[in-house]
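In case you want the letters, here they are:
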Amino acid sequence: MSPFDRNAPTNSVAGKTAAASKDFEKVPLSEVLSAFGVNPDQGLPAAEAQKRLIQYGPNALTEKKVSFAAKLFRHFRGPIAYMIEMAALVSAVIGHWDDFAIILGLLLFNVALEMWQDSKASNALAALKKGLAPEAVALRDGKWQTIDAATLVPGDIVKIRLGVIVPADLRMVKGDYASVDQAALTGESLPVAKKVGDSAYSGSVVKQGEMEAVVIATGSNTFFGRTAKLVASAGAVSHAQQAMFQIGNFLIAVAVVLAAIMVAVKVYHDIVIVDTWGLKDALGILQFVLVLLVASIPVAMPTVFSITMALGALALSKQKAIVSKLSAIEEMAGVSILCSDKTGTLTKNQLKLGEPILLASPDFQDCILAAALASRIEDRDAIDTAVIDALAEPAALQAWKQVKFVPFDPVTKRTEATVSDPAGRQIVVAKGAPQAILDLAKPAADIAGKVTQTVAALAAKGSRALGVARSTDGGGSWVVLGILPMFDPPRDDSKATIDRANEKGVLVKMVTGDDTAIAIETARQLGMGTNIIPAADAFPKDMDPNNVPSQIVDAIERADGFARVFPEHKYAIVKALQSRGHIVAMTGDGVNDAPALKQADCGTAVSGATDAARGAAALILTAPGLSVINSAIDEARRIFARITSYTIYRVTLTMDIMFLVVLSSIFLGFQPLTAVMIVVMSLLDDLPIMAIAYDNTRVSEKPIHWKMPWLLGVSATLGFFSVAQSFGLLLAGIEVINHPLHSAALGLSSTMQLQTAMFLQLVAGGHLLLFVTRTERWFFLPPYPAAPLFWAIVATQLVAVVMCAEGWLVEPISWRLIGAVWAYNIVWLFIMGAARLATERFANHRTKRHLESAHMVNQSLRGAS
């Protein structure tokens, strides 16, 4: 059974009822009443209603409660989190309480940020619950009474009227007419007229009329409830989180291997060669291993990620885009497909009259005036408003007095008004569905044929048609004045926005609840392509949206858009595209969009969205239209470039420190850095680097995403050269110490001073390395580093130099040695730059060959087929 079967039982008892096996939206009304055993004139007995309440459960949205402690503990798990916790523990074990406090602060900052992000999911469900009716008017024991809507059960008879929220999924059983606005649920741009036998969905709003109905589904089995289920289950781990997991695993693996090698060598040396082993030796090795692990842990990585994205969110807020989920900024950089709602996003959501097709009317304004006279502005009906707005002289209405008005109903499908002019002459005017106007006027066959052809031509273009007729003899005879085309025009900026997105490598697909012909015409006007698939044709009714068949996924990838979609369709579209490796952004404004917005990598609620849509979205637009999306994409790609450059820098430097410590300990029997130096160096390297959030970066022309083999490959290559750089200085320092003349010239005479020189080389070389990792070109070419980053690095270098010169926490060294270390680093800066360029060219060449091979394979397969 599909999770979207509207009659899926809420428990095993409900599953035993005959009601659970029928589609109550489609079976004859008499079968519905019979299946639920209810008389529409008496309603359910109170005792039976109570029994069914126990059987079916309350008419409310249910959600699985997770304790605060469980939510909190979840954020202390994962590779990076474990590494940071280990670093804090090691700092406490070796008594470095200052380091412990800083590392713990970073960990708690990250946890607090993630907890805030998690609250958005519950906010979406809370917003959905606000859309449910608090009360309902139900017929129980033959009496109408107001009851708590949560106590409604299948089979209840309820009354709906103007302004009421529909309390459950219903089938109309009595009454003339009701107009129901279900746009937030289905995406339909106009209220839907309901008559006896029609269905209405929980959460929709009655705009006109009054009817009685039987409840056919409650709670989680309603259309609204299925949407809530999807919201609760939707969501994906961000690509940034996945990247940090992979980086953390990589660094942990390298650290553990190196630590194991070092422990094995140390133990072999102490037991086999020296033949001495004691508790002091064991503690010494343990402390050194712990220090190595501290050096391997990028404690500031999650914080740098968060701060960089938070500053990006601040920049976007100035462009009227509010970020509610920071990871969405990073996701937006890699978006390759944008699924956009039509009504109100790509279009103005305002019906507009086109040029009238005249029949008996002498001119356009005469035809429009007759339609306006058959309207009532106080009803705020969308069609009436569009007609009146089309008048060249709105004041012309003031000359007429409305004597009688017959509102629209789904039977006659027209409005009709008797009006009189200042001279007292009365006429009757009517507007409505063209066929209804033909039935009223009974014109000649050629007129009727022309109307039918006109309506068909307009429908093919996605325009609605409104017939207008007039009678001068009190309704005895009528003439058809003309046909008024009506459409929801595209927003002025939509086409330019879509074109710009396409230039950035982002494909825009339309997803709408409107009719297929309307969607095709809108797509044609916007240049989006007209391969629009009706959802009913693409998705079998019993399909599980979490497991879309491959042939349907193929069709989804090929389509330019989708029409007549329901919430589960939108959700399935997003899931299907994600299953093919696409990073998907989704825009929407209604309850029906909430599941897909939450599932998308970057869900975007457009201006005027419902609370449910805003709660499920990661990005909230406060200005109409989509134009800010392109700004968000540019900003996201800048941020992604900053995060990538930091990641390469951090992984490279971590590998440098780990390999230097282990190799020098094994092959030279020398510890190049003290534990204090490693901790201080980590702080000096990482804290100022947070200014990378302000760095100037190039905006990629295509979607960019995490390519871990490339990223770790570049990091490993630069790490190899960094180890060579550091090890080279270490070997040179040992030679200098053993050469009295050189030792006196540079002021390097002890191994403790050599440790200080290595400390300075790693601090200075690390920050110079950032100039290499922040760009794929030579580091001295634009874009140049931003001022905050540049001066943060300068300040850090000054602190490191003063520490080395004055002997703060390290053995002091001479200014001559400081200058020599800096000169050495500058030479290596050019070597590292050349290594980065060579690595990039090699990677690009391999990528090009891979694409060419894939293209040849595709061509061969096509030829074979």
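Up top is the structure.
Reading the values: rules and limits
Residues numbered from 1 in each chain as written. Predicted model: local features only at pLDDT ≥ 70, side-chain atom pairs only at ≥ 80, totals over all residues. Heavy atoms only, no water. Phe/Tyr/Trp six-rings, centres within 6.5 Å; stacked < 30°, edge-to-face > 60°. Buried < 20%, exposed > 50% of the residue type's maximum accessible area, 1.4 Å probe, protein only. Lys NZ or Arg CZ within 6 Å of the ring centre and 35° of its normal. Helix = DSSP H or I, 4+ residues; strand = E, 2+ residues; numbered from the N terminus. Arc of directions from axis to C-beta. Pairing = 2+ DSSP bridges. Patch = residues over 30% accessible without salt bridge, like charges linked within 9 Å, V, L, I, M, F, W, Y side chains within 5 Å. Areas by Shrake-Rupley, 256 points an atom, 1.4 Å probe, with all protein chains shown as cover. Salt bridge = Lys/Arg side-chain N within 4 Å of Asp/Glu carboxyl O. Core = buried A, V, L, I, M, F, W, Y, C linked by side-chain atoms within 4.5 Å. Contact = heavy atoms within 4.5 Å. 1 Å grid on protein atoms, 1.4 Å probe; cavity = no way out; pocket = protein on both sides within 12 Å on 5 of 7 lines; lining within 4 Å. Points joined across faces, edges and corners; volume = space filled by probe spheres on them.

## Comments concerning the packing of aromatic side chains
- One pass over the structure, following the stated rule, counts 13 aromatic pairs.
- Judged by centre distance (6.3 Å) and plane angle (70°), the ring pair of Trp778 and Phe779 falls under edge-to-face.
- Between Phe790 and Trp791, the aromatic rings sit 5.1 Å apart at their centres with planes inclined by 80°, giving edge-to-face as the arrangement.
- You can call Phe790 partly exposed: its relative accessible area is 35%.
- A network of ring pairs unites the aromatic residues Trp778, Phe779, Phe780 and Phe830 as a single cluster.
- In this arrangement the basic side chain of Lys159 is found over the ring face of Trp144, its NZ or CZ atom lying 4.6 Å from the centre.
- For the cation-ring pair, Lys707 lies above Trp710, with the distance from its terminal atom to the ring centre recorded as 5.4 Å.

## Notes on helix 20 (residues 550-558)
- All of the buried residues in helix 20 are Ile552, Val553 and Ile556. Taken around the axis of helix 20, the buried residues stretch over an arc of 100°, which confines them to a single face. Exposed residues on helix 20 whose side chains face more than 90 degrees from its buried face are Gln551 and Arg558.

## Looking at the pairing of strand 9 (residues 337-341)
- The buried fraction of strand 9 is high, at five of five residues.
- On strand 9, burial covers both faces: Ile337, Cys339 and Asp341 on one face and Leu338 and Ser340 on the other are all buried.
- Pairing of strand 9 with strand 17 (residues 507-511), which is carried by five bridges, proceeds in the parallel orientation. Across the sheet, the residue bridging to Ser340 is Met510, located in strand 17.
- Pairing between strand 9 and strand 20 (residues 584-588): three bridges, direction parallel. Within the sheet, the bridge partner assigned to Ile337 lies in strand 20 and is Val584.

## Some thoughts on a nonpolar patch on the surface
- Residues Tyr268, Ile271, Val272 and Ile273 make up a contiguous nonpolar surface patch of about 400 Å² in total accessible area.
- With respect to the element layout, Tyr268 can be found in helix 9 (residues 239-273).

## A closer look at the nonpolar core
- Judged by nonpolar contacts, the single largest core of 111 residues is most densely connected at Met332, Leu619, Leu673, Trp706 and Phe759.
- Take this core: its biggest share by element is 17 residues, from helix 24 (residues 627-668).
- Formed by 32 residues, the second largest nonpolar core is a distinct cluster that contains Ile552, Met586, Ala609 and Ala617.

## Examining unusual backbone geometry
- In this structure, Pro783 follows Pro782 across a cis peptide bond, with omega equal to 5°.
- The residue Pro783 is located in the loop between helix 28 (751-773) and helix 29 (787-806) in this model.
- The phi torsion at Lys442 lies on the positive side, around 50°, for a residue other than glycine.
- Its place among the elements puts Lys442 in the loop between helix 15 (434-441) and helix 16 (445-460).

## Examining the environment of Gln797
- With respect to the helices and strands, Gln797 occurs in helix 29.
- When the C-alpha atoms of Gln797 and Val763 are compared, they prove to be 7.5 Å apart, with 34 residues separating the residues in sequence.
- The residues contacting Gln797, other than those within four sequence positions of it, are Val763, Ala764, His767 and Trp822.

## As for the side chain of Gln755
- With respect to the helices and strands, the residue Gln755 is situated in helix 28.
- For Gln755, a relative accessible area of 12% corresponds to the buried category.
- Not counting chain neighbours up to four residues away, the residues in contact with Gln755 comprise Phe670, Gln671, Pro672, Leu673, Thr674 and Met677.

## Overview of empty space enclosed by the protein
- Enumeration according to the criterion identifies nine cavities of 30 Å³ or more in this entry.
- Volume-wise, the second largest cavity comes out at about 80 Å³.
- As for the second largest cavity, its lining consists of Lys461, Gly462, Ser463, Phe487, Asp488, Pro490, Ile518, Glu521, Thr522 and Gln525.
- For the lining of the second largest cavity, the element with the highest residue contribution is helix 18 (residues 516-526), accounting for four residues.

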